[in-house]
Amino acid sequence: MRRPRGEPGPRAPRPTEGATCAGPGESWSPSPNSMLRVLLSAQTSPTRLSGLLVIPPVQPCCLGPSKWGDWPPGGGPSTGHVQGLQRLLEQARSPGELLRWLGQNPTKVRAHHYPVALRRLGQLLGSRPRPPPVEQATLQDLSQLIIRNCPAFDMHTIHVCLHLAVLLGFPADGPLVRALEQERRLRLPPKPPPPLSSLLRGGQRLEAALSCPRFLRYPRQHLISSLAETRPEELTPHVMVLLAQHLARHRLREPQLLEAIARFLVVQENQLSSKVVQKLVLPFGRLNYLPLEQQFMPCLERILAREAGVAPLATVNILMSLCQLRCLPFRALHFVFSPGFINYISGTPHALIVRRYLSLLDTAVELELPGYRGPRLPRRQQVPIFPQPLITDRARCNHKDIVAEGLRQLLGEEKYRQDLTVPPGYCTDFLLCVGSSGAVLPVRTQDPFLPYPPRSCPQGQAACSPTTRDPAQRVVLVLRERWHFCRDGRVLLGSRALRERHLGLMGYQLLPLPFEELESQRGLPQLKSYLRQKLQALGLRWGPEGG
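The rules behind the values
Residues numbered from 1 in each chain as written. Predicted model: local features only at pLDDT ≥ 70, side-chain atom pairs only at ≥ 80, totals over all residues. Heavy atoms only, no water. UniProt positions renumbered as here; feature names shortened; annotations may be inferred. Core = buried A, V, L, I, M, F, W, Y, C linked by side-chain atoms within 4.5 Å. Buried < 20%, exposed > 50% of the residue type's maximum accessible area, 1.4 Å probe, protein only. Domains from an automatic or database assignment. Contact = heavy atoms within 4.5 Å. Axes fitted to C-alpha atoms, helices over the stretch in contact; angles between N-to-C directions. Helix = DSSP H or I, 4+ residues; strand = E, 2+ residues; numbered from the N terminus. Parallel < 35°, antiparallel > 145°, perpendicular 65-115°, else oblique. Left-handed = near helix turned anticlockwise from the far one by under 90°. Nonpolar A, V, L, I, M, F, W, Y, C, P; charged D, E, K, R; others polar. Arc of directions from axis to C-beta.

- In the annotation of an unreviewed UniProt entry, the entry for the protein reads Fas-activated serine/threonine kinase isoform 1, and the organism field reads Callithrix jacchus.
- Taken directly from UniProt, the Subcellular location (unreviewed entry) text for the protein runs: "Mitochondrion".

Examining the nonpolar core
Inference 1: In terms of nonpolar packing, the biggest core is built from 77 residues, with L243, L265, L280, L328, F337 and L358 touching the most fellow members.
Inference 2: Counting contributing residues per domain, this core is built from domain 2 (212-381) and domain 3 (399-456 + 469-538), each supplying no fewer than three.
Inference 3: Those residues in contact with L358, other than ones at most four positions away along the chain, are V316, V336, F337, F341, I345 and L377.
Inference 4: The next biggest cluster of nonpolar side chains, apart from the first, holds 33 residues, and it includes L89, L102, L142 and L180.

Quick notes on the packing of helix α7 (residues 155-167) against helix α8 (residues 175-186)
Inference 1: One can describe the packing of α7 onto α8 by two numbers: an axis separation of 10 Å at closest approach and a directional angle of 150°. Overall, the two elements α7 and α8 adopt an arrangement that is roughly antiparallel. The two elements α7 and α8 meet at a crossing, and its hand is left-handed. On α8, the residues touching M155, I158, H159, C161, L162 and A165 of α7 are L176, V177, L180, E181, E183 and R184.
Inference 2: Considered class by class, the residues forming the contact of α7 with α8 number 8 nonpolar, 1 polar and 3 charged.

Comments concerning the environment of S143
Inference 1: Considering the arrangement of structural elements, one finds S143 in helix α6 (residues 136-149).
Inference 2: Linking S143 and L176, residues 33 residues apart in sequence, is a C-alpha distance of 5.9 Å.
Inference 3: When neighbours within four sequence positions are excluded, S143 is seen to be in contact with F170 and L176.

Side note on helix α17 (residues 339-346)
Inference 1: Taken together, the buried positions of α17 are F341, I342 and I345. Along α17, the residues classed as buried sweep out an arc of 95° about the axis, all on the same side. Pointing more than 90 degrees away from the buried face of α17 are the exposed residues P339, G340 and N343.
Inference 2: Check the buried side of α17 and you find it contacts α15 (312-324), α16 (330-336) and α18 (351-368).

Below, the structure written as structure tokens:
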């Protein structure tokens, strides 16, 4: 017997997680765990349902990339199917028909179809003289569809679905409203961090700010003012290490803050261990910043002389930062290249990473310190420095794939190499072999590597190709992505600047491709034209006229 509308009914249990809609050709069977009796009884009043009739129809809109692969209006091959499904939903004659259109057309369903379905459901339930019968499982399945897909909704769709769900009488503590409300909260802009208590001293305020999880959203001027208000005696190694790590992690090249770290290091020299010093020095190398503090380098040399034998890994880390700044002290190099130090680190858990760092230091000595006459890293101990693309480049969405496609169409696959590691272990983005006439040569006919250590060729040419005996030039296309620079600046990070500097000293001709120029290219045809202009500016030729 049907329960009269408006009469309270028993509360149905919440739907289970495993509830799914049927696929094409499958029947819709009622679920014993349905909650729809609640929605169709006391909680869904005629007034609420009639409110749905005055809500303007939901218009199809471009919601940006989503797991449905939405297209903008008129901008994709499936636009007609998407709009056709919306019309079918708007004309559905029963809740079951609504659910069938959604469940049997998964490839055509877009985010804005769900508020259309909810609105039509409200119109059906509020129709006169008699609303169509509704199976309990129907609304449960519709609810589960929305819950599963709401993480891909935009903020407007979430708001519309929440409003319609409330009008339909879905309980506030039910799974649908909870899921939509959770997604709404996740999309709210973050609240500004609470102001630091005025009761804290300068050093405590600075430490509290640096320890705040949302500190990246603090204005940098706030950090500078907090540091300015801090008395020297309130600064501790812990606070300054937090500051140094923050600057390095977020690529913040703030001279005033870096100078404060350098001054602290000089003043506290005798109280600092090399394990703390390595953390304080890290941002200087990473951010490619040599401080103005005149005692900075003498202080570090004294610390290295005092602590080198105590903490080998910290010693090498400090030297790595100084290598990026081109400030390697000879005395410390004598120590880390000594047989005793090398034998000691060979038996430690971090032997491989130390050998990689020592290999980089040995390369810097070879290329940048012609006056060094001390011991060097034995060849049997050397390992490739960076034998593969950096993790940050692999993890981020960069321009390498589209540049590779542009070169393939422009030059042909046989005339460039991608991600080739050249001695002593630098991974190149793209490498071309160029003859003396400027013709781009097939890489398979050439030795793509220039000799290392580098040797001179007559008339100042680059290294001579042993295959053709023709003075051959190696051109390296260098992608300069946004994250290769310090934040809000045009200064390359220390590791990137070091890589480019060493490749140039080994005889490779570098052709930088800045991210601003790459981002301004609209599509592959424009990118090919951009690459053609770049290569022709170097005097390169290819195709039938180029060989």
